[in-house]
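Given next are the chains, with one letter for each unit.
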Amino acid sequence: ISGPVRAKTFSGTIRLDAADAGHALDLDTFSGDVVLALPQNAGADIRFNSFSGDIRTDLPITLVSKSRRDVHATLNGGGSAVRVKTFSGDVRLGR
């Protein structure tokens with residue numbers, strides 16, 4: 001997908017292959033998981049919020065801040081906003 005994306009589900013999984021990471025991504029699920037693929041050269045400002053979900057990545061992110069329910073990180077120095085919110089779903093970031 002190319003361009004800004006806003007996706008929301010209750011218990012379904014959101015799978016997104018963001019071919020163009022130059023736009024904002026806003027992904028929200030209650031108990032579903034999020035699987036997000038970003039291009040090799042993507043610059044992103046990543047914000048993850050969850051009550052009990054986990055975030056896993058094989059991307060070279062830099063942690064900016066972390067609290068019990070929030071993670072703020074950058075990818076390749078930062079760039080487009082990537083916001084992922086879940087209640088109990090897990091997040092997987094990759095290429």
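As a starting point, this report considers the structure included with it. Owing to the predicted nature of the structure, the values given are computational and were not obtained by experimental measurement.

**Quick look at the environment of Thr29**
And then number 1: Summarising the element assignment, Thr29 is placed in strand S3 (residues 25-29).
And then number 2: Assessed through its relative accessible area of 2%, Thr29 is described here as buried.
And then number 3: With 27 residues separating them along the chain, Thr29 and Ser2 place their C-alpha atoms 21 Å apart.
And then number 4: The contacts of Thr29, once residues within four sequence positions are left out, are Thr9, Phe10, Gly12, Ile14, Val34, Lys85, Thr86 and Phe87.

**Things to note about the sheet that holds S3**
And then number 1: Taking strand neighbours across the sheet as the criterion, the six strands line up as S1-S3-S9-S5-S8-S7 in an open arrangement whose pairing is mixed. The outermost strands of the open sheet, each flanked by one partner alone, are strand S1 (5-9) and strand S7 (61-66). If you compare each strand with its neighbour and ignore which way they point, the axes differ by 10° on average.
And then number 2: As paired elements, strand S5 (residues 44-50) and strand S8 (residues 70-75) share six bridges and run antiparallel to each other. Within the sheet, the bridge partner assigned to Phe48 lies in S8 and is Val71.

**Some remarks on the pairing of S3**
Side-chain direction in a regular strand flips from residue to residue, so the side chains alternate between the two faces of the sheet.
And then number 1: In terms of burial, S3 is largely enclosed, as four of its five residues are buried.
And then number 2: Strand direction decides the pairing type here: S1 and S3, joined by five bridges, are parallel. Each bridged residue has a counterpart across the sheet, and for Ala7 the counterpart in S3 is Leu27.
And then number 3: Pairing geometry for S3 and strand S9 (residues 80-86), over five bridges, is parallel.

**Considering a nonpolar patch on the surface**
And then number 1: A grouping of Phe10, Phe30, Phe51 and Phe87 is seen on the molecular surface, where their side chains present a nonpolar patch of about 410 Å² in accessible area.
And then number 2: If you trace the backbone, Phe51 turns up in the loop between S5 and strand S6 (55-57).
And then number 3: Owing to a relative accessible area of 44%, Phe51 belongs among the partly exposed residues under this scheme.

**Points about the nonpolar core**
And then number 1: Residues Leu25, Leu27, Leu36, Leu38, Leu75, Val82 and Val84 are the most contacted members of the largest nonpolar core, which totals 20 residues.
And then number 2: Of all the elements in the fold, those that place two or more residues in this core are strand S2 (14-17), S3, strand S4 (34-37), S5, S8, S9 and strand S10 (91-94).
And then number 3: With residues up to four places along the chain from it excluded, the contact list for Val82 reads Leu25, Leu36, Ala44, Asp45, Ile46 and Arg47.

So, how was this worked out
- Residues numbered from 1 in each chain as written.
- Predicted model: local features only at pLDDT ≥ 70, side-chain atom pairs only at ≥ 80, totals over all residues.
- Heavy atoms only, no water.
- Helix = DSSP H or I, 4+ residues; strand = E, 2+ residues; numbered from the N terminus.
- Buried < 20%, exposed > 50% of the residue type's maximum accessible area, 1.4 Å probe, protein only.
- Contact = heavy atoms within 4.5 Å.
- Pairing = 2+ DSSP bridges.
- Axes fitted to C-alpha atoms, helices over the stretch in contact; angles between N-to-C directions.
- Patch = residues over 30% accessible without salt bridge, like charges linked within 9 Å, V, L, I, M, F, W, Y side chains within 5 Å.
- Areas by Shrake-Rupley, 256 points an atom, 1.4 Å probe, with all protein chains shown as cover.
- Salt bridge = Lys/Arg side-chain N within 4 Å of Asp/Glu carboxyl O.
- Core = buried A, V, L, I, M, F, W, Y, C linked by side-chain atoms within 4.5 Å.

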